[in-house]
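Descriptive structure summary
Spelled out from the first residue to the last, the chains are:
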Amino acid sequence: MSALDGLNDRIADFDAAGARILAVSPDSQAENRMVAQKLGLDFPILSDAQLELTQALGLVHEGGGVPPDFKDIPRPAVFILRDGTIRWRALTDNWRIRVRPDALLAELRRVDGV
Amino acid sequence: MSEQLGETPAGRQHDFLLWIAPLIAIAGFLSYWGYFVRWPFLRDTGLLNLGLLLLALGLSVLGLRRAWPRGLWRRVAGALGVLISTLLTGLFVAYCYVLSYGLPPTDGVVALGERLPEITLASYDGSPVDLARASEGPGPLVLVFFRGFW
């Protein structure tokens, strides 16, 4: 959750870079609404409850959910897309460690420079 | 003699170690998720919480050593403090530096240069978002996957 929080704190910088942020979670619309309101998010959270997109991009972490359910969830991942194609991706090897907004903004500038 | 020491100022100071150590251990464990995850450096490294837990461990050992000659109940309290501090330090180390590396291999993940599938997902206000179209621009799109609320 703190990952979304961190992005939202820098939303003005993402706006300035002309970038749009979309978050994807395995939760329902109602749960996403609760999170978005709690954090006061300025970008959408899409509900991928069937893991349709998560599966299509090869991001399923089988049994990665919390006990006792151990549901399948997406692994933490961040992509930058430009003109329809994936230009950059960050797949952490430790789920506690996420891309920092500064690093993401630097990549956005780099992608746009190409 | 040993019972009397408990009532002297020095004895009370020793008793202080018996409860402050497990308290620091519990605070050091819980405050990682409850508070310090907000700072990327502390979240990524866990160093501050590890430091608190090791401090608690050290204090609890000191507490047990000082409690030892001062009666059975103080020994039990000291041992309990060491147990709690050790347990929480072990759990924290296991979670942060072992368990959280438990992600699947990245071989199957979509590669650079590929496009998003024609999938439409709903945002929390019900509005549909066509992923392939969203990735066409005008500007760059940042797509963030996260585990959801738990």
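The coordinates are above.
For clarity, every value in this text was computed on a predicted model and none was experimentally measured. (Residues numbered from 1 in each chain as written. Chains lettered and ligands numbered in written order. Predicted model: local features only at pLDDT ≥ 70, side-chain atom pairs only at ≥ 80, totals over all residues.)

Some points on the overall build of chain B
- Along the backbone of chain B there are six helices and three strands.
- Counting from the amino terminus, helix and strand elements in chain B follow one another as α-α-α-α-α-β-β-α-β.
- Relative to the globule expectation of 15 Å for 150 residues, the C-alpha radius of gyration of chain B, 25 Å, shows a markedly less compact shape.
- Its C-alpha atoms give chain B principal-axis dimensions of about 80 × 35 × 20 Å.
- Put simply, 58% of the contacts in chain B that link residues at least 6 apart link residues at least 24 apart. (Helix = DSSP H or I, 4+ residues; strand = E, 2+ residues; numbered from the N terminus. Rg over C-alpha atoms; globule rule 2.2 N^0.38 Å. Contact = placed C-beta atoms within 7 Å.)

Some thoughts on the overall build of chain A
- Within chain A, the regular secondary structure consists of five helices and six strands.
- Counting from the amino terminus, chain A carries its helices and strands in the arrangement α-α-β-α-β-α-β-β-β-β-α.
- Taking 13 Å as the expected radius of gyration for a compact globule of 114 residues, we find that chain A reaches 14 Å, a close match to that expectation.
- Principal-axis analysis of the C-alpha atoms places the extent of chain A at approximately 45 × 30 × 25 Å.
- With 114 residues in all, chain A has 34% of them scored as buried.
- In chain A, 32% of the contacts between residues at least 6 apart in sequence involve partners at least 24 apart. (Buried ≥ 20, exposed ≤ 12 C-beta atoms within 10 Å, placed from the backbone.)

So, the interface of chain A and chain B
- At the junction of the two partners, chain A supplies 64 residues and chain B supplies 45 residues.
- Across the side of chain A that touches chain B, the residue classes break down as 35 nonpolar, 13 polar and 16 charged.
- As paired strands, strand 2 (residues 45–47) of chain A and strand 1 (residues 120–123) of chain B are joined by two bridges and run antiparallel to one another. Bridging across to strand 1 of chain B, A:Leu46 finds its partner in B:Ser123. (Nonpolar A, V, L, I, M, F, W, Y, C, P; charged D, E, K, R; others polar. Pairing = 2+ DSSP bridges.)

Here's the deal with the sheet that holds strand 2 (residues 128–130) of chain B
- Spatial strand order, 6(A)-5(A)-3(B)-1(A)-2(A)-1(B)-2(B): seven strands in an open sheet with mixed pairing. A strand with exactly one partner marks an edge of an open sheet, and here the two such strands are strand 6 (85–91) of chain A together with strand 2 of chain B. Taken over all neighbouring pairs, the strand axes of this sheet differ in orientation by 30° on average, direction set aside.
- Across the sheet, helix 3 (residues 29–39) of chain A is in contact with strand 1 (20–25) and strand 2 of chain A together with strand 1 of chain B; its angle to strand 2 of chain A comes to roughly 165°. (Axes fitted to C-alpha atoms, helices over the stretch in contact; angles between N-to-C directions.)

Structural notes on unusual backbone geometry
Residues and elements named next belong to chain A.
- Following Pro67, the chain continues to Pro68 via a peptide bond in cis, the omega torsion being 0°.
- Considering the arrangement of structural elements, one finds Pro68 in the loop between strand 3 (60–61) and strand 4 (73–74).
- Residue Asp83 is not a glycine yet carries a positive backbone phi of 50°.
- Classification of Asp83 by C-beta neighbours within 10 Å gives exposed; the count is 12.

What about the nonpolar core?
- With 34 residues, the main nonpolar core has A:Ile21, A:Ala23, A:Val24, B:Val142, B:Leu143 and B:Val144 as its most contacted residues.
- Those elements that provide at least two residues to this core are helix 1 (2–9), strand 1, strand 2, strand 5 (77–82) and helix 5 (101–113) of chain A together with strand 3 (141–145) of chain B.
- If we skip the residues at most four places from it in the chain, A:Ala23 touches A:Leu4, A:Phe43, A:Pro44, A:Ile45, A:Leu46, B:Val144 and B:Phe146.
- Grouped together as the second largest cluster of nonpolar side chains are 18 residues, B:Ala25, B:Phe29, B:Leu59 and B:Leu64 included. (Core = buried A, V, L, I, M, F, W, Y, C linked by C-beta atoms within 7 Å.)

Looking at the packing of helix 4 (residues 47–67) of chain B against helix 5 (residues 72–97) of chain B
Residues and elements named next belong to chain B.
- Where helix 4 contacts helix 5, the axes come no closer than 8 Å and their chain directions differ by 160°. In terms of axis orientation, helix 4 runs roughly antiparallel to helix 5. Note on packing geometry: the crossing formed by helix 4 with helix 5 is left-handed. Contacts from Asn49, Leu50, Leu53, Leu54, Ala56, Leu57, Ser60, Val61, Gly63, Leu64 and Ala67 in helix 4 reach Arg74, Arg75, Ala77, Gly78, Ala79, Gly81, Val82, Ser85, Thr86, Leu88, Thr89 and Phe92 in helix 5. (Parallel < 35°, antiparallel > 145°, perpendicular 65-115°, else oblique. Left-handed = near helix turned anticlockwise from the far one by under 90°.)

Thoughts on helix 4 of chain B
- Its 21 residues place the ends of helix 4 of chain B 30 Å apart at the C-alpha level, agreeing with the 30 Å of an ideal helix rising 1.5 Å per residue.
- Every buried residue of helix 4 of chain B is accounted for by B:Asn49, B:Leu52, B:Leu53, B:Ala56, B:Leu57, B:Leu59, B:Ser60, B:Gly63, B:Leu64, B:Arg66 and B:Ala67. (Expected span 1.5 Å × (residues − 1).)

Looking at the pairing of strand 1 of chain A
- In terms of residue burial, strand 1 of chain A counts as a mostly covered element, since five of its six residues are buried.
- Bridge analysis of strand 1 of chain A against strand 3 of chain B gives five bridges, and the strand direction is parallel. Across the sheet, the residue bridging to A:Arg20 is B:Leu141, located in strand 3 of chain B.
- Here strand 1 of chain A runs beside strand 2 of chain A; their pairing, made up of three bridges, is parallel. The residue bridging A:Ala23 from the neighbouring strand is A:Ile45, located in strand 2 of chain A.

Describing helix 5 of chain B
- Look at helix 5 of chain B: 37 Å from first C-alpha to last across 26 residues, which is about the 38 Å you get at 1.5 Å a residue.
- Among the residues of helix 5 of chain B, B:Arg74, B:Gly78, B:Gly81, B:Val82, B:Ser85, B:Leu88, B:Thr89, B:Phe92 and B:Cys96 are the ones counted as buried.

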